[in-house]
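# Tertiary structure, described
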Number of protein chains: 2
Amino acid sequence: MSKDVVITGNWLDSVSFDDKGLVNVVAQDHISKRVLMVAWMNREALEITASTGFATYFSRSRGKLWHKGEESGNQQKVKEIRLDCDGDVLVLMVEQVGGIACHTGRESCFYYALEGVPGEKPGWVAKDPVLKNPSDMYGKK
Amino acid sequence: MSKDVVITGNWLDSVSFDDKGLVNVVAQDHISKRVLMVAWMNREALEITASTGFATYFSRSRGKLWHKGEESGNQQKVKEIRLDCDGDVLVLMVEQVGGIACHTGRESCFYYALEGVPGEKPGWVAKDPVLKNPSDMYGKK
């Protein structure tokens, strides 16, 4: 068996951030392996995630760091960080506090399944239950 | 228990393609649930994937459709297509023909793990074995 290959140098320099300074990140439950969400990090978010052990993303819509769970309490404890062959996508294996990753109150953001009926066009069907009312997660407006 | 929510209309219109006409796609092994790779699709690639049952992506580097496995034979049979709450990321549950998704001859593209030593900076370590020599997958140049 060959020895593990190690990339030397600053680990952050091995990550290929895009022209907006962002890297694509998949968060996966470390036990069920379900994909919970896909988001983005800039270099600072990745550094904070690695040093604190809790996922911090970069919100493209709000243009700032987003400490996952800062409002809902549903933080993500990071168990492992993986990088792909091209260096431009990360997978985080996480423990999802509260069991809810999605702002809709579901476990995962990927709750729409494409279902087809023979001879008809397929359609998106929401398959997963809402575990908590979003207004209870974020406070009523 | 509430009834499943269904999005009506053309299913392709519910997908939010970005300003380059692309949507982010995670391919996950349907049994082990391992994330195999992350790539992109345009509308045509997604339509072909759904109608043929085999993953077709859009290669950003080559600027054209990429029928996964067209050279290596390592196609991806699609078992399920999921869409996220924002409509801008897909997860494909696939059967990976040949057990190799990565062009390096590994099962998954995510073979680098971030490993740390207390008191020292972490580093990327290649954890997974090469199952097949890439020159045997793509032919010698």
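Residues numbered from 1 in each chain as written. Chains lettered and ligands numbered in written order. Predicted model: local features only at pLDDT ≥ 70, side-chain atom pairs only at ≥ 80, totals over all residues. Heavy atoms only, no water.

Once that is clear, we can look at the pairing of strand S4 (residues 56–59) of chain A. Note that S4(A) and strand S5 (residues 64–67) of chain A share four bridges and pair antiparallel. Pairing of A:Thr56 across the sheet is with A:His67, part of S5(A). (Pairing = 2+ DSSP bridges. Helix = DSSP H or I, 4+ residues; strand = E, 2+ residues; numbered from the N terminus.)

In many analyses, interface size is given as the accessible surface area lost on bringing the parts together. Listed per partner, the contact involves 45 residues of chain B and 45 residues of chain A. Counting each side, the surface lost to burial between chain B and chain A is near 4000 Å², with a carbon and sulfur contribution of 62%. For chain B, the biggest contributors to the area lost against chain A are B:Arg82, B:Phe110 and B:Trp124; these three give 20% of the whole. Here chain B is connected to chain A by four salt bridges. B:Arg82 is paired through a salt bridge with A:Asp128; the nearest N and O atoms lie 3.2 Å apart. Across the chain B-chain A interface, the total number found is 19 residue pairs in polar contact (both at pLDDT 80 or more). At the level of elements, strand S1 (5–7), strand S2 (23–29), strand S3 (35–41), strand S6 (76–83), strand S7 (89–96), strand S8 (112–115) and strand S9 (123–126) of chain B are the ones that each hand at least two residues to the side of chain B that touches chain A. (Contact = heavy atoms within 4.5 Å. Buried area = accessible area lost by both parts, 1.4 Å probe. Salt bridge = Lys/Arg side-chain N within 4 Å of Asp/Glu carboxyl O. Polar contact = N/O pair within 3.5 Å; in protein donor to acceptor, adjacent residues only side chain to side chain.)

Time to look at the sheet that holds strand S3 (residues 35–41) of chain A. What the seven strands build is an open sheet, ordered S1(A)-S9(B)-S8(B)-S6(A)-S7(A)-S2(A)-S3(A); its pairing is mixed. Each end of this open sheet is capped by a strand with a single partner; those strands are strand S1 (5–7) and S3 of chain A. Ignoring which end each strand starts from, the neighbouring axes of this sheet average 35 degrees apart. Its contacts with the sheet put helix H1 (residues 43–52) of chain A on S3, strand S6 (76–83) and strand S7 (89–96) of chain A together with S8 of chain B, and the angle it makes with S3(A) is roughly 125 degrees. (Axes fitted to C-alpha atoms, helices over the stretch in contact; angles between N-to-C directions.)

On to the UniProt feature "domain: Phosphoribosyl-AMP cyclohydrolase" (unreviewed entry) in chain A, then. As annotated by UniProt and renumbered to match this structure, "domain: Phosphoribosyl-AMP cyclohydrolase" (unreviewed entry) occupies residues 37–111 of chain A. Counting secondary structure, residues 37–111 of chain A comes out at 13% helix and 39% strand; the distance between its end C-alpha atoms is 10 Å. (UniProt positions renumbered as here; feature names shortened; annotations may be inferred.)

The next point concerns the environment of B:Trp66. Of note, B:Trp66 is situated in strand S5 (residues 64–67). Filtering out sequence-adjacent residues up to four positions away, B:Trp66 remains in contact with B:Met37, B:Ala39, B:Ala55, B:Thr56, B:Tyr57 and B:Ser59.

According to UniProt, the feature "binding site: Zn(2+)" (unreviewed entry) maps to A:Cys85, A:Cys102 and A:Cys109 in the numbering used here. The largest pairwise C-alpha distance within this set of annotated residues, which runs over 25 residues, is 28.1 Å, so the set is dispersed in three dimensions. On the secondary structure map, A:Cys85 appears in the loop between S6 and S7. Ignoring any residue separated from it by four or fewer positions in sequence, one finds A:Cys85 in contact with B:Cys102, B:His103, B:Thr104, B:Cys109 and B:Tyr111. Here A:Cys102 falls in the buried class, since its relative accessible area comes to 0%. Apart from the residues lying within four places of it in its own chain, the contact partners of A:Cys102 are A:Glu107, A:Ser108, A:Cys109, A:Tyr111, A:Met137 and B:Cys85. (Buried < 20%, exposed > 50% of the residue type's maximum accessible area, 1.4 Å probe, protein only.)

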